[in-house]
Amino acid sequence: MEIILGLCASFVFGLFFGKIAKRLKLPVVIGYLFAGILIGPNVLNLVDLNTIGNMELFTTIALSFVSFEIGAESKWSYIKRLGKKPFIIGIICSLFTMLTVTLVLLALGQSISFSLLLGAIASSTAPAAIMMVVHEYRAKGDFTDTILGVIGVDDILSIIMFGLVLVIAEDIELGINTSLGFFTPFVDIIISLVVGAILGLTLGFSSKLFKQKSNIICLILTHIFISILIGYYADMSSLLICTVMGTMFVNAYNRRYTDRVIDLLDYISSPMLMVFFVLSGASLAFEVIPNVGFIGVIYILTRIFGKILGAFIGCKVAREEKDITQNLGPALLSQTGLAIGLAVIARDALRVDGNMLMTIVIGSSFIFDLLGPFIIKRSLKKAGDIR
C-alpha cells in the first residue's frame, strides 16, 4: 500500500506544483522536484526512504522511456543532416570532463581509483531533464537536434568509460590483475547493440500487426520491460538497449508506422517522468550537503568547467554554428539518473572512499537538479529554439 500512496502523492502534488511552476513561467521539472521535497522525508514524510527504494522500478522505467525517445530522434535523415558533429562534440565533451575532474582530484591527493570513478561519473549527462524541457516548450531547431544527439553519444561513452575505469579501480582495490575484464565493457556494448536492434525490429513488425492504439501501448510497454529484464539479468545497461531499440525502430520501418508509435509514447512517458522527478525530489538528502565538503565543491566546479569548456572545444573542432557553440555546454550540466546508478556501483567497488563518492554525487545532483532546468530553458531560448 505504501507504493500506491507514493504514486498517488506523486501524481497529486506533481500536477499541482507543475501547474504553479508553469504559472511562474518556470520549467515544470522544478515544480515536480519541489513537490517531491514536500512529500518526502524532509518535510511531510508521505513517502519515506523505504518507499522510495521500493519504487525504484518506476525510475528505471522512466529512464528507459527517455532512452528510447533519444534513440527514436536519431532518424537517418536527421543523422545525415547533422553529420558527424554531435559525435565529435559528445566524444570531446565527455573525455575532457572526465580528464579534468580526474586530474584535479589526483592533484589534490585523492586515490587513483576514486579519481577515475568520479571522473567517469562526471562525464555523464541526465537526459530526462533535457527531454522534459524540450517537450514542455516544444523546442525545435538545430540546437535541439544537436543537444539530443550529443546526450545520446555522451551517455553511451560514459557507460563505456565507467566500465573501463571500474576494472582498473577493482584491480587497484583488490590488488589483483584482472586484465581480461578490461574487454568486458566492449563485449557488453556489442551485445546491447544486437539486443536493442532485434527489439527495435520486433517492435516495428508487431506494430504493423496490432494497429489499435491500446495494442500499440501494450507493445511499447512490453518491449521496454523486456529491455529492463535483459539488462538486469545479463548485467548490461537497459538504457543503452532502449536507445538502440529506438534508433533501429525509426530507421527500419515506414514513417507512418513509427510516427504513430512515437506519438503514443508521450502519453505513457509523461506520467512516468513526473513520478521520476517527484521521487528524485523526495530522495534529495539535505543532510548530505554539509558533508560534501571541499572535495565535493571542487567536483562541482571542475565538472561545470569540464562540461562547458569541453562542449565549446567540441563545437569549435566540429565547426558548429555560433549559437550552438555558445549555449551547448551549460545545457549539459544535469546529472541525476545515470550518475546515481553508476555511483552505487562505484561505492561497492571502493573499500575506503565509497561512501564519500556517493555523498558527493548525491549532494552535487541536488544542485544540478535545481539549476539544470533553468539553464536548459535559457540555452534553448538564447539559441532561438523556443519561440
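Further up the page is the structure itself.
Residues numbered from 1 in each chain as written. Predicted model: local features only at pLDDT ≥ 70, side-chain atom pairs only at ≥ 80, totals over all residues. Heavy atoms only, no water.

A. Quick peek at a nonpolar patch on the surface. A grouping of L99, L103, L106, I112, I168 and I172 is seen on the molecular surface, where their side chains present a nonpolar patch of about 520 Å² in accessible area. At the level of secondary structure, the elements contributing two or more residues to the nonpolar patch comprise α6 (85-107) and α9 (142-174). In terms of residues, the nonpolar patch owes the most to one element, α6, which gives three residues. Checked against the element boundaries, L106 lands in helix α6. (Patch = residues over 30% accessible without salt bridge, like charges linked within 9 Å, V, L, I, M, F, W, Y side chains within 5 Å. Areas by Shrake-Rupley, 256 points an atom, 1.4 Å probe, with all protein chains shown as cover. Salt bridge = Lys/Arg side-chain N within 4 Å of Asp/Glu carboxyl O. Helix = DSSP H or I, 4+ residues; strand = E, 2+ residues; numbered from the N terminus.)

B. Local environment of the packing of helix α4 (residues 56-72) against helix α8 (residues 127-136). Where α4 contacts α8, the axes come no closer than 10 Å and their chain directions differ by 65°. Note that α4 runs across α8; the crossing there is left-handed. The segment α4 lies against α8, with L63, V66, E69 and I70 engaging P127, A128, M131 and H135. Residues belonging to the contact of α4 with α8 are distributed by class as follows: six nonpolar, one polar and one charged. (Axes fitted to C-alpha atoms, helices over the stretch in contact; angles between N-to-C directions. Left-handed = near helix turned anticlockwise from the far one by under 90°. Contact = heavy atoms within 4.5 Å. Nonpolar A, V, L, I, M, F, W, Y, C, P; charged D, E, K, R; others polar.)

C. Focus on the packing of aromatic side chains. Tallied over the entire structure, the rule returns four aromatic pairs. With centroids separated by 6.2 Å and ring planes inclined at 35°, the aromatic side chains of F68 and F249 adopt a geometry described as tilted. Taken as a pair, F68 in helix α4 and F249 in helix α12 (residues 238-252) lie far apart in primary sequence, 181 residues in all. One exposure class covers both F68 and F249, and it is buried. On the numbers, 6.4 Å between centres and 40° between planes, the contact of F96 with F305 is tilted. In this pair, F96 is assigned in helix α6 and F305 in helix α14 (residues 289-317), connecting sequence segments 209 residues apart. When the ring centre of F368 is taken as reference, the NZ or CZ atom of R303 above it lies at 4.7 Å. (Phe/Tyr/Trp six-rings, centres within 6.5 Å; stacked < 30°, edge-to-face > 60°. Buried < 20%, exposed > 50% of the residue type's maximum accessible area, 1.4 Å probe, protein only. Lys NZ or Arg CZ within 6 Å of the ring centre and 35° of its normal.)

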